[in-house]
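Overview (structure and organization)
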Amino acid sequence: MIEIPQNSLVASILRQWYEGMVTPRTWKIGGGRQILLGERSRVMGVLNATPDSFSDGGLPTDLEFRISRGLEQSKAGADVIDVGGESGITNRAAVSDQEEIARVVPVIEALASAGIVVSIDTYKPEVAKAALAAGALIVNDVSSLADLELARICAKFGAG
């Protein structure tokens, strides 16, 4: 167990949180939906739609497995399922937009049609556009908007 000094900034923030002084905030995520932040911890399930993910360690890579995995994560309590179609493994060549779209869109369509909040993990505007059109409501961009076209697409779709 970690000991936190009672007069520390961390202790002060925790006291405020538990005493109800932290105001929950509403995050508008697209499709007219929203997520209330601050009332409880939120969980994002990670769903890799890649053949070479560092975290899947030999799990099947077919579409049926990926969809069932996303459904399982949602049933287990994930508030959002984050679907990614390009591995984060370093020193790999980037995947083409078309390949990434082919990997993620069928998964997103299936999960979104089941009422699940889906996030697309991409930094590519064309991939984001296809994913949002398929039912994703959130864009998880690891580049922090290195390409401003991605911001325009998010705004057009009203994505979180």
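Okay, so let's go over this structure. The shown structure was predicted, so the numbers you read here are calculated from the model rather than taken from an experiment. (Residues numbered from 1 in each chain as written. Predicted model: local features only at pLDDT ≥ 70, side-chain atom pairs only at ≥ 80, totals over all residues. Heavy atoms only, no water.)

**Structural notes on unusual backbone geometry**
At Ser144, a residue that is not glycine, the phi angle is positive and equals roughly 60°. Look at Ser144 and you get exposed, because its relative accessible area is 63%. (Buried < 20%, exposed > 50% of the residue type's maximum accessible area, 1.4 Å probe, protein only.)

**A look at the sheet that holds strand 5 (residues 118-121)**
Pairing is parallel in the open sheet, where 4 strands are placed in the order 3-4-5-6. Of all the strands in the sheet, just strand 3 (44-48) and strand 6 (138-140) have a single pairing partner and so form its edges. For this sheet, the mean angle separating the axes of adjacent strands, direction not counted, is 30°. By the bridge criterion, 3 bridges tie strand 5 to strand 6 in an arrangement that is parallel. (Pairing = 2+ DSSP bridges. Helix = DSSP H or I, 4+ residues; strand = E, 2+ residues; numbered from the N terminus. Axes fitted to C-alpha atoms, helices over the stretch in contact; angles between N-to-C directions.)

**Examining the packing of helix 4 (residues 125-134) against helix 5 (residues 148-157)**
Closest axis-to-axis distance for the helix 4/helix 5 pair is 9 Å, and the angle between their directions is 15°. In this view, helix 4 runs roughly parallel relative to helix 5, as classed from their interaxial angle. The handedness of the crossing between helix 4 and helix 5 is right-handed. Facing Pro125, Ala128, Lys129, Leu132 and Ala133 of helix 4, the residues of helix 5 in contact are Glu149, Leu150, Ile153 and Phe157. A breakdown of the residues in the contact of helix 4 with helix 5 according to their chemical character gives 7 nonpolar, no polar and 2 charged. (Parallel < 35°, antiparallel > 145°, perpendicular 65-115°, else oblique. Left-handed = near helix turned anticlockwise from the far one by under 90°. Contact = heavy atoms within 4.5 Å. Nonpolar A, V, L, I, M, F, W, Y, C, P; charged D, E, K, R; others polar.)

**Points about helix 2 (residues 63-75)**
A rise of 1.5 Å per residue sets the reference length of helix 2, with its 13 residues, at 18 Å; its end C-alpha atoms lie 18 Å apart and thus fit the reference within 8%. The complete set of buried residues in helix 2 reads Arg66, Ile67, Gly70 and Gln73. End-on view of helix 2: buried residues confined to an arc of 125°, all on one side of the axis. Exposed and facing more than 90 degrees away from the buried side of helix 2 are Glu64 and Lys75. (Expected span 1.5 Å × (residues − 1). Arc of directions from axis to C-beta.)

**Examining the nonpolar core**
Val83, Val104, Ile108, Leu111, Ile120 and Val139 are the most contacted members of the largest nonpolar core, which has 26 residues in total. At the level of elements, strand 4 (80-84), helix 3 (97-113), strand 5, helix 4 and helix 5 are the ones that each hand at least two residues to this core. The element best represented in this core is helix 4, accounting for 6 residues. For Leu111, the contacting residues outside a window of four places in its chain are Leu47, Ile67, Gly70, Leu71, Ile81, Val83, Ile116 and Val118. (Core = buried A, V, L, I, M, F, W, Y, C linked by side-chain atoms within 4.5 Å.)

**Points about the packing of helix 2 against helix 3**
In the contact formed by helix 2 and helix 3, the axes pass within 10 Å of each other and the chain directions differ by 40°. As summarised for this structure, helix 2 and helix 3 are arranged oblique, according to the angle between their axes. The chirality of how helix 2 crosses helix 3 is right-handed. Counting all contacts with helix 2, which are made through Leu63, Arg66, Ile67, Gly70 and Leu71, the residues of helix 3 involved are Pro106, Val107, Ala110 and Leu111. Class assignment for the residues of the contact of helix 2 with helix 3 results in 7 nonpolar, 1 polar and 1 charged.

**Observations concerning the pairing of strand 4**
Among the 5 residues of strand 4, 5 are classified as buried, and the element is accordingly described as predominantly covered. Where burial is concerned, the two faces of strand 4 agree: the one with Val80, Asp82 and Gly84 and the one with Ile81 and Val83 are both buried. For strand 3 and strand 4, the ladder comprises 5 bridges, and the chain directions are parallel. Following the sheet pairing, Asn48 is matched in strand 4 by Gly84. In this sheet, strand 5 lies alongside strand 4 in parallel orientation, the contact comprising 4 bridges. Across the sheet, Gly84 pairs through a bridge with Asp121, a residue of strand 5.

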